[in-house]
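Survey of secondary and tertiary structure
Below are the chains, spelled out letter by letter.
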Amino acid sequence: MTLPLNKPDYHGAGIVNLMATLINARGGQADVAELQQLPAAALDDARHLVLVVLDGLGSRWLTRHGAGSRLAGDMLGELTSVFPPTTASAITTFLTGDAPQQHGLTGWFTWLRELGCVMSVLPGTPRYGGVGYQAAGVDLATLLDHRPLSERLATPSTTVSPSWIARSDFNLAHLGRATLVPYKGLKQMFRRAARAIRRAREPGFFYLYWPGLDGIGHEHGMESEQAQAHFREIDIQYARFLRDIRGTDTRVLVSADHGHLDARPGDMVRLEDHPVLADSLAMPLCGEPRAAFCYLRPDRVETFTAYCREVLGERFDLYPSRALLDAGLFGTGEAHPRLAERIGDYTLIARGSNLIRERLPTEGEFQQIGVHGGLSDDELYVPLCLARA
């Protein structure tokens, strides 16, 4: 069995290593190698460090569409995201410094055996709908048992987060000792961050998260004029932010959780159109439409694998999930105790711009154009930008 040639780098060229650099540069002690492109020693003389995460900004897209922009001009190179390269897995890496191998969140839909259901882990609701973690009496911080990034640093931290998710169960579970600064729009995000930097009495770390480009990419596609126009606005506000914090001895790093790939009409494989496949599953598909974790009925393994090979083989690669784990796609080192049960028996990884979707009775049609979670260059590679203010 040939494993994916394109895979995350956890040894010095990925977002996990970027976080190791930042942890060490702020007086902590990282568990993995620092970023080869940017070791902590290169940031030691900065009073403040800022990490801006632009959800959905792939490095290959930035190279194609960012000519002449300040962000492209500040780009040092590119990093790999994690597997799967998607918000639930990669943002958790930014918020903890850990790879999915350690934090154990493996996609938008994750089977949480301890809760007895497939969860939409970021909004915190069972896949079929219903109330969130807190309303259901679940202490998410205890359930996940993650160590927030702010608790790994020796300097104060500030998290600048969209007001509509700033106090969600997920965000609060990862806030730790950080000061929370909510905002209502792109311009306000940068303005409130600049004010916090200027008012800081001691060296600090500032984390800014902007989801707008990702949302536009899903709705209109990343190759759309809407996405390109929004990027131009981000670039304007980023340049203004650098001017606003001039003289504060701040290093500003910009990266992303993943990139996007635009799906075409006809790329969707709907599970209801493949009853043999559906009948082989013990649970709904988990993970992502471009990296689907499959839980099989014990008496349907041969039927399932043969069907995937003969009917879907030109559109998806099928791997035993354990083989992906052993090959290091989720990270290195000791695995989260529940990781193996959260990646199913087999994983379907999409080729091209294909995706696979199972629609539950409570769910609407899948209408996204920009998609991610697979291992194409557009999805896996994200930029590393650095500016000095």
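For the structure itself, look to the data block above.
Please read these numbers as outputs of a predicted model, since none were measured by experiment. All residue numbers refer to positions counted from 1 along the written sequence of the respective chain. Totals for whole chains, interfaces and linings use every residue, but because this is a predicted model, local features are given only for residues with pLDDT of at least 70 and side-chain atom pairs only at 80 or more, for both listing and counting. Computation of side-chain values covers all heavy atoms of the structure but excludes hydrogens and water.

Quick notes on the pairing of strand 4 (residues 117–120)
We call two strands paired when DSSP finds no fewer than two bridges between them. Only DSSP runs of H or I with at least four residues qualify as helices, and only runs of E with at least two residues qualify as strands; both kinds are numbered from the N terminus onward. Relative to strand 4, strand 3 (residues 109–112) runs antiparallel, the two being bridged by 4 bridges. Residue W111 lies in a different strand from strand 4, and its bridge partner there is V118. What sits between the antiparallel neighbours strand 3 and strand 4 is a turn of 4 residues, in which G116 has the positive phi angle 75 degrees. Sheet topology note: the strand 4/strand 5 (residues 125–126) ladder contains 2 bridges and is antiparallel.

Examining helix 1 (residues 15–25)
Here the term buried applies to any residue with accessible area under 20% of the maximum for its type, exposed to any over 50%, and partly exposed to those in between, with areas from a 1.4 Å probe on protein chains only. Burial of helix 1 is extensive: 10 of the 11 residues sit out of reach of the surface. Those residues of helix 1 not exposed but buried are I15, V16, N17, L18, M19, A20, T21, L22, I23 and A25. Note on contacts: a residue pair qualifies if any of its non-hydrogen atoms lie within 4.5 Å across the two residues. On its buried face, helix 1 sits against strand 1 (48–54), strand 2 (75–80), helix 4 (87–96), strand 8 (204–210), strand 9 (250–255) and strand 18 (381–388). Just beyond helix 1, the residue with positive phi is G27, at close to 85 degrees.

What to know about the packing of helix 8 (residues 186–199) against helix 10 (residues 225–244)
Helix axes are fitted to C-alpha atoms over the stretch in contact, other axes to C-alpha atoms as well, and angles between N-to-C directions run from 0 to 180 degrees. Between helix 8 and helix 10, the shortest axis-to-axis distance is 10 Å and the interhelical angle comes to 15 degrees. Judged by the angle between their axes, helix 8 and helix 10 are roughly parallel. Relative to helix 10, the crossing made by helix 8 is right-handed. Of the residues in helix 10, those in contact with L186, K187, F190, A193, A194, I197 and R198 of helix 8 are E233, I234, Q237, Y238, R240, F241 and D244. Residues are grouped as follows: Ala, Val, Leu, Ile, Met, Phe, Trp, Tyr, Cys and Pro are nonpolar; Asp, Glu, Lys and Arg are charged; all remaining types, including Gly, are polar. Classifying every residue of the contact of helix 8 with helix 10 gives 8 nonpolar, 1 polar and 5 charged. Throughout this description, any angle smaller than 35 degrees is read as roughly parallel, any larger than 145 degrees as roughly antiparallel, any in the 65 to 115 degree range as roughly perpendicular, and the remainder as oblique. Note on convention: near helix rotated counterclockwise from far helix by under a right angle means a left-handed crossing. Clockwise means right-handed.

A few points about the sheet that holds strand 7 (residues 179–183)
Taken in spatial order, the 7 strands line up as 2-18-9-1-8-6-7 in an open sheet, and their pairing is mixed. The sheet is open, and its two edges are formed by strand 2 and strand 7, each paired on a single side. Each neighbouring strand pair of the sheet contributes to a mean axis angle of 20 degrees, computed without reference to strand direction. Relative to strand 9, helix 10 is tilted by about 165 degrees, and along the sheet it contacts strand 1, strand 8, strand 9 and strand 18.

Digging into the pattern of salt bridges
Every case where a carboxyl oxygen of Asp or Glu lies within 4 Å of a side-chain nitrogen of Lys or Arg is listed as a salt bridge. Evaluated as defined, the whole model comprises 25 salt bridges. A salt bridge links R64 to D378; its shortest N-O distance comes to 3.1 Å. You can see R64 sitting in helix 2 (residues 59–65) and its partner D378 sitting in helix 14 (residues 377–380), a full 314 residues away along the chain. Residue classification places R64 among the partly exposed residues on the basis of a relative accessible area of 42%. The network of salt bridges with shared partners includes E114, R338, E341 and R342.

A closer look at the packing of aromatic side chains
Working definition: rings of Phe, Tyr and Trp (its six-membered ring) pair if their centres are within 6.5 Å, and the pair is stacked with planes under 30 degrees apart, edge-to-face with planes over 60 apart, and tilted otherwise. Under the criterion given, the structure shown has 7 aromatic pairs. These aromatic residues form a ring-pair network of at least three members: F83, F293 and F330. Geometry around Y381 places R60 over its ring, the cationic atom sitting 4.6 Å from the centre. Directly above the aromatic system of F109 lies the positively charged group of R127, at a separation of 3.9 Å from the ring centroid. A ring is scored as having a charge over it whenever the NZ atom of a lysine or the CZ atom of an arginine sits within 6 Å of its centre and within 35 degrees of its normal.

What about unusual backbone geometry?
One can expect most non-glycine residues to show negative phi and most peptide bonds to be in trans. Cis geometry marks the peptide bond from F83 to P84; its omega dihedral reads -10 degrees. Mapped onto the secondary structure, P84 falls in the loop between strand 2 and helix 4. Of note in the backbone geometry, D145 takes a positive phi value of approximately 55 degrees without being a glycine. Looking at the secondary structure, you find D145 in the loop between helix 6 (140–144) and strand 6 (157–162). Non-glycine residue D249 carries a positive phi angle of around 55 degrees. Looking at the element boundaries, D249 is found in the loop between helix 10 and strand 9.

Re the environment of D55
If you trace the backbone, D55 turns up in the loop between strand 1 and helix 2. For D55 and D214, which are 159 residues apart along the polypeptide, the C-alpha to C-alpha distance reads 5.3 Å.

Observations regarding the side chain of T92
For T92, the position within the fold is in helix 4. From its side chain, T92 meets the backbone oxygen of A88 in a polar contact 2.6 Å long. In the analysis that follows, any N or O atom pair within 3.5 Å is treated as a polar contact, provided that within protein one partner can donate a hydrogen and the other can accept it, and provided that, for residues neighboring in sequence, both atoms belong to side chains.

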